[in-house]
Structure formats: structure tokens, C-alpha cells
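Spelled out from the first residue to the last, the chains are:
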Amino acid sequence: MSAEAMLDFLDASSPESRLGFQAAFHCGPVLKGVKSSNVMTAEPGTWRKLQRAFRGSSILCVLLAVHRGREVLLLYRYRRLQSLLEDAKVKDFLRSRGYEDMTVAAVIIRLRGRYAGYALAGQEFPHELGVILEYPLEDVKGFIENKGRNCLMEKYWKVYHDRERAAHLFARYDRARERAVEEVCAGYPLGQIAVEEIGR
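We now turn to the structure provided with this report. Given the structure is predicted, the values throughout are model-derived calculations rather than measurements.

### Here's the deal with the overall build of the chain
Within the chain, the secondary structure is distributed over ten helices and five strands. Computed over the C-alpha atoms, the radius of gyration of the chain is 17 Å, within 12% of the 16 Å expected from 2.2 N^0.38 for a compact globule of 200 residues. Expressed along its principal axes, the backbone C-alpha trace of the chain runs to roughly 50 × 35 × 30 Å. In the chain, which comprises 200 residues, the share counted as buried stands at 45%. Taking the contacts inside the chain whose residues are at least 6 apart along the sequence as the reference set, 56% of them involve residues at least 24 apart. When the accessible area of the chain is evaluated, it comes to approximately 10500 Å², of which 50% is carbon and sulfur surface. With 31 positive and 26 negative side-chain charges, the chain shows a separation of 4 Å between the mean positions of the two kinds.

Okay, structure coming up:
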């Protein structure tokens, strides 16, 4: 979809449709089932609206923090995130960051506390969020070790290893986002867009 067509849609759409567009644009890979989670920021009150919009779908929405007058939201697929948290390397990394219980609920509660500490008290950014967003573990570690510098490429995240794999994932995420945006613009509600899981 062209930028002009997207702008025309946004100009003519209701607040509910604009919210759907925002969620599809920022979280399309999660909506289409190719990623465990995404983060988006939005105006206050969006969290509750998205909870209602996704009721009955496989997407859950959690408020991580309110930061600089914006809600920071985590949209995720429970089963896919649970599967990610069962990976031994992911568990080891999260344990090194202070996580003990690897259930989805416990990890999200701990992440919310860590993100609130960053947003409200100026503590260290919770870089483990990258793992929860399903960025490759070696790239999350590379980002921490390099303090965000010296990456090979960047788009959805900064890449430090396996440029080819990252380019393939970026293309997949782009296709998922495009599909989700097109469906919103065609009038599909978010809950319906999120029902389909097109897999890995």
C-alpha cells in the first residue's frame, strides 16, 4: 500500500480505525502470527481499547509503563511467547538479568517492574526486552556488549550476527505488517485480523 493511500485512509477514518491502523503498523508481525511480541507507544487510554479490540483473539495486551505521557504497550501471543521462554539459552540469559520464574506471567511482571524502573526512575534499560520481542539472542548480547554501536545492519533491531538471517526476518515482518495494514484499511476489525496465525 502506498504512503498516499495510507494517508487518505487515516484522513477519512474514525478514531477506532486509526487505532487499528496504528496497531497493525507497529505490531503487524504479531497480529499475523510470525512474531511473539511487539511494543508500541500510544496515547493514554489505548491499553483498555486494545484489550477490548483483541478480546476473543490470541493477542494479549499489557501496559508496561506510562512514560512521558504515553502508554508503552506490549502486545503478545501467549503460546508463542511461552515456547520462546522454554528455550534453554533464553532461560540462561533471562536468569542472568534477574529473572527466576520463566512462566509468561512471571516474566511479564518482572519486565514491567524493570521497564517502570527505567521509565520512571532512570534505571538501566531492560535490554532483555529484545529477547521477549524475539530478536536473536546473539544480537541482544551484541547490542549490550557494543552499547548499541558497530552493528552490521539495522531495521527492526540492530544486527550483530547473521546478516542474511536478519534480512530474511525483516522481509517477513515487512510482509506481515503490510498484510495487517491492508486488512485494517479494508475494514477488518483487529480481533479478526489477529485470529489467523500464519506461523514461522
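### Focus: the state of the cysteines
Scanning all chains against the criterion turns up zero disulfides. Sulfur of Cys61: no disulfide; nearest cysteine sulfur belongs to Cys27 and is 8.2 Å away. Taking relative accessible area as the criterion, Cys61 reaches 7% and is therefore assigned buried. The thiol of Cys185 is unpaired, and the distance to the nearest cysteine sulfur, on Cys27, comes to 16 Å.

### Re the packing of helix H2 (residues 15–31) against helix H9 (residues 163–185)
The N-to-C vectors of H2 and H9 enclose an angle of 155°; their axes lie 7 Å apart at closest approach. As summarised for this structure, H2 and H9 are arranged roughly antiparallel, according to the angle between their axes. Note that H2 runs across H9; the crossing there is right-handed. Contact residues: Ser17, Gly20, Phe21, Ala24, Phe25, Gly28, Pro29 and Leu31 in H2; Tyr173, Ala176, Arg177, Ala180, Val181, Val184 and Cys185 in H9.

### With respect to the packing of helix H4 (residues 78–85) against helix H6 (residues 104–121)
Running from N to C, H4 and H6 cross one another at 85°; their axes reach a closest spacing of 10 Å. Classified by the interaxial angle, the pair formed by H4 and H6 is roughly perpendicular. Within the contact between the two elements, H4 uses Tyr78, Leu81, Gln82 and Leu85 and H6 uses Val104, Val107 and Ile108. In terms of residue class, the contact of H4 with H6 is made up of six nonpolar, one polar and no charged.

### Section: the pattern of salt bridges
Per the stated rule, a full pass over the model turns up ten salt bridges. For the salt bridge of Glu124 with Arg97, the shortest nitrogen-to-oxygen distance reads 3.5 Å. Of this pair, Glu124 sits in the loop between H6 and helix H7 (129–132) while Arg97 is found in the loop between helix H5 (88–96) and H6, placing the two residues 27 residues apart along the sequence. Look at Arg97 and you get buried, because its relative accessible area is 17%. As a salt-bridge pair, Asp174 and Arg177 come within 4.0 Å of each other at their nearest N and O atoms. Taken together, the residues span about one helical turn, with Asp174 and Arg177 both in helix H9 at a distance of three residues. According to the relative accessible area criterion, Asp174 is partly exposed, its value standing at 24%. One network of salt bridges, with partners in common, ties together Arg97, Arg114, Glu124 and Glu128.

### Quick word on the side chain of Asp139
The topology assignment puts Asp139 in helix H8 (residues 137–146). Arg165 is the oppositely charged side chain nearest to the buried, salt-bridge-free Asp139, at an N-O distance of 6.1 Å. Reaching out from Asp139, the side chain makes a polar contact with the side chain of Trp157 at a distance of 2.9 Å. When sequence neighbours within four positions are dropped, the list of residues in contact with Asp139 reads Trp157, Lys158, Val159, Tyr160 and His161.

The rules behind each value
Numbers given to residues run from 1 along each chain, matching the order in which its sequence is written. Selection of residues for local features in this predicted model requires a pLDDT of at least 70, selection of side-chain atom pairs for listing and counting requires 80 or more, and totals for whole chains, interfaces and linings are taken over all residues. Heavy atoms throughout the structure, all of them, feed into the side-chain values; hydrogens and water do not. Here a strand is any run of E in DSSP of at least two residues, a helix any run of H or I of at least four, and the numbering for each starts at the N terminus. Note on method: radius of gyration uses C-alpha positions; expected globular size equals 2.2 Å times residues raised to 0.38. A simple rule labels every residue: compare its accessible area, found with a 1.4 Å probe on the protein chains alone, to the largest value its type can have, and call it buried under 20%, exposed over 50%, or partly exposed in between. Contacts were defined at the residue level, with two residues in contact if any of their heavy atoms lie within 4.5 Å. In these tables, accessible area is a Shrake-Rupley quantity obtained with a 1.4 Å probe, and a residue counts as shielded only by the protein chains included in the view. Under the convention used here, Asp and Glu are negative, Lys and Arg are positive, and both His and the chain ends fall outside the count. Where a charge lies is defined by one atom per residue type: Lys uses NZ, Arg uses CZ, Asp uses CG and Glu uses CD. Disulfides are defined as cysteine sulfur pairs within 2.5 Å. Axis definition: a line fit to C-alpha positions, over the contact stretch in the case of helices; interaxial angles, taken between N-to-C directions, run 0 to 180 degrees. Comment on the angle field: the value is read as roughly parallel under 35 degrees, roughly antiparallel over 145, roughly perpendicular from 65 to 115, and oblique elsewhere. Crossing handedness: left-handed means the near helix sits turned counterclockwise from the far one by under a right angle, and right-handed means the same turn made clockwise. Only Asp, Glu, Lys and Arg are considered charged in this grouping, and only Ala, Val, Leu, Ile, Met, Phe, Trp, Tyr, Cys and Pro are considered nonpolar; every other residue, Gly among them, is considered polar. Note on definitions: salt bridges are taken to be side-chain nitrogens of Lys or Arg within 4 Å of carboxyl oxygens of Asp or Glu. A 3.5 Å cut-off defines polar contacts: any pair of N or O atoms within that distance qualifies, except that in protein one atom must be a possible hydrogen donor and the other a possible acceptor, and neighbouring residues in sequence count only when both atoms are side-chain atoms.

Taken by themselves, the reported measurements are silent on function.
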